[in-house]
Amino acid sequence: MPVTPVALAHADDLADFIAASPSSHHAASEVARRLEDAGFVPLDETQPWPSQPGGRFVVVRDGAAIAWVVPTDAAATTPVQVFGAHTDSPGFKLKPQPTTGTKGWLQAAVEIYGGPLLNSWLDRELRLAGRLALADGRVVLADTGPLLRLPQLAIHLDRGANSGLELDKQLQTQPVWGLGDPSSADILAELAASADVDAADIRGYDVVVADSARGAVFGKDDAFFAAGRLDDLASVHAGVVALASLDPSTGTQAAGGPIAVLAAFDHEELGSGSRSGAAGPFLEDVLERMYASLGADPSQRRQAYASSWCLSSDVGHSVHPNYVAKHDPVVQPVLGSGPILKINANQRYATDAVGSSAWSSWCERAGIASQEFVSNNTVACGSTIGPITATRLGLRTVDVGIPILSMHSARELAGVADLHDLTRVAEAFFRG
Ligand code: ZN
């Protein structure tokens, strides 16, 4: 069945969002920019926060962003419905003393970030992007655009390449970015120029390597969407679109509904343990201050948590037609048949019976189909932010996402229809 024009428009908007979000810091800033354009008020963690009923707010901490919409009649025990996702993606991060090279080539010294499929990064035009901390205390975003490439060795020089390519994680992962003598070049100057600052003023940086190609729709009936960083910008984007559709002042968020929260964390690919990761205090800090602004005492806040939900959205595996044996023999989600409910007996996903039932009702309300995911017993299952959030705050949590192929590739593959359906179910979830 052909995908709808609205789903195609959604995929095009996602391509814009991903292009604007080469690093987690860019993604958090893009979340804030889009929501501020939609009328959300940016809050600063170093300042007091206003009384909040009827308000829409967004706060950025490093590479993470949390945004929320408070109904006009919200009180001390009004529950939250948190849509969780992550802003970071596996790849490479710029090392200290990053300008290297040999034999007339300029190269960038990079460290591996998370668990990328290394071979997928070969022979692509790559960009450097992230944040620069300057001598005057400012922190600015920088993005060079296409600058680097990891060239694969020619088949003539590696006759065994097609029977299993193995890359040395140090020697063979250092991209080229120019020609010349490394002692008279400076890759930080490229970043500085892109941010319109002086390279001599850079005192620190968090900079990653990102694919520079734009996302694209293709396949029979426009079924497919491929892009870098679908894990997990597809979820962050779905959450932003859904949250922006709520506005207590226009009545698009019903009175008596929950407080809708989008939590886009950093560092999921490393296990979430940081001040901006799901295992850190960011969400708890925001919720404490939000409930304080509603006059809640700690006991009332806990009362609210007890009837709250977290919908943790991250990509999952579609069945791969060339590797069917890697998947559960019966439960085999495919692209285009709806978002997936992720289930794991060992709580690598937080979904349980009550959560499954709640998910069904949100999908029903959104008018979308959904699928299930469970691992083959011989293939270890990944995990995500859901179990971490549930463990930290005690919120009832459901792990969901869209099915994809090529997870952790420099360019992943999703279904156009699923991307839009995820936004629809996020909206139904936010409305309670
Ligand atoms: Zn992920």
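See the structure printed just above.
Residues numbered from 1 in each chain as written. Predicted model: local features only at pLDDT ≥ 70, side-chain atom pairs only at ≥ 80, totals over all residues. Heavy atoms only, no water.

Colleague: Help me understand the sheet that holds strand β17 (residues 371–373), please; the structure alone is not making it clear to me.
Modeller: Pairing between sheet strands relies on hydrogen bonds along the backbone, with the strands arranged either parallel or antiparallel. If you walk across this open sheet you meet the nine strands as β1-β2-β3-β13-β4-β14-β18-β16-β17, and the pairing is mixed. Looking along the sheet, the strands with just one partner apiece sit at the ends: β1 (41–42) and β17. Where strand β16 (residues 340–342) lies against strand β18 (residues 396–401), two bridges are found, and the strand directions are antiparallel. Paired with Ile 340 across the two strands is Gly 401, which belongs to β18. (Pairing = 2+ DSSP bridges. Helix = DSSP H or I, 4+ residues; strand = E, 2+ residues; numbered from the N terminus.)

Colleague: Got a minute to help me understand the nonpolar core in this structure?
Modeller: Nonpolar side chains in soluble globular proteins tend to be buried together. In this structure, Phe 225, Leu 243, Trp 359, Trp 362 and Phe 430 are the most contacted members of the largest nonpolar core, which totals 56 residues. Not counting chain neighbours up to four residues away, the residues in contact with Trp 359 comprise Leu 311, Pro 339, Ile 340, Leu 341, Ser 370, Val 398, Val 400 and Val 425. Ranked by size, the runner-up nonpolar core spans 31 residues in total, among them Ala 76, Phe 265, Ala 304 and Leu 395. (Core = buried A, V, L, I, M, F, W, Y, C linked by side-chain atoms within 4.5 Å. Buried < 20%, exposed > 50% of the residue type's maximum accessible area, 1.4 Å probe, protein only. Contact = heavy atoms within 4.5 Å.)

Colleague: I tried to follow the packing of helix α5 (residues 282–293) against helix α6 (residues 298–306) on my own but got confused; where do I start?
Modeller: Each pair of packed helices can be summarised by the angle the axes make with each other and by the distance between the axes. Their axes nearest at 10 Å, the elements α5 and α6 cross at an angle of 115°. The crossing of α5 and α6 is right-handed. Taking contact as the criterion, the partners of Glu 284, Leu 287, Glu 288 and Tyr 291 in α5 are, on α6, Arg 301, Arg 302, Ala 304 and Tyr 305. Residues belonging to the contact of α5 with α6 are distributed by class as follows: four nonpolar, no polar and four charged. (Axes fitted to C-alpha atoms, helices over the stretch in contact; angles between N-to-C directions. Left-handed = near helix turned anticlockwise from the far one by under 90°. Nonpolar A, V, L, I, M, F, W, Y, C, P; charged D, E, K, R; others polar.)

Colleague: Sorry if this is basic, but what is going on with the coordination of the zinc ion here?
Modeller: Tetrahedral metal sites with four donors have an ideal angle of 109.5 degrees; octahedral sites with six donors have ideal angles of 90 or 180 degrees. Coordination sphere of the zinc ion, protein contribution only: His 86 (NE2), Asp 231 (OD), Asp 314 (OD) and Asp 314 (OD), at 2.0 to 2.4 Å. For the zinc ion, the four donor atoms are set out with angles of 55 to 147° between them, so the coordination reads as irregular. (Donors = N, O, S within 2.8 Å, 3.2 Å for Na, K, Ca; no water. Tetrahedral: all angles 85-135°; square planar, octahedral: opposite > 155°, others 65-115°.)

Colleague: What exactly am I supposed to notice about the pattern of salt bridges here?
Modeller: On inspection of all chains with the given rule, the structure shows 23 salt bridges. A salt bridge links Asp 16 to Arg 214; the nearest nitrogen and oxygen atoms lie 2.7 Å apart. In this pair, Asp 16 sits in helix α1 (residues 5–19) while Arg 214 sits in the loop between β10 (202–211) and β11 (216–218), placing the two residues 198 residues apart along the sequence. Given the relative accessible area of 36%, Asp 16 is considered partly exposed. Taking the relative accessible area as the measure of exposure, Arg 214 reaches 38% and is therefore partly exposed. A salt bridge links Glu 288 to Arg 301; the shortest N-O distance between them is 3.9 Å. One end of the pair, Glu 288, is in helix α5; the other, Arg 301, is in helix α6, and 13 residues separate them in sequence. Its relative accessible area of 34% is what places Glu 288 among the partly exposed residues. Residues participating in the shared-partner salt-bridge network are Asp 13, Glu 30, Arg 33, Arg 34 and Asp 37. (Salt bridge = Lys/Arg side-chain N within 4 Å of Asp/Glu carboxyl O.)

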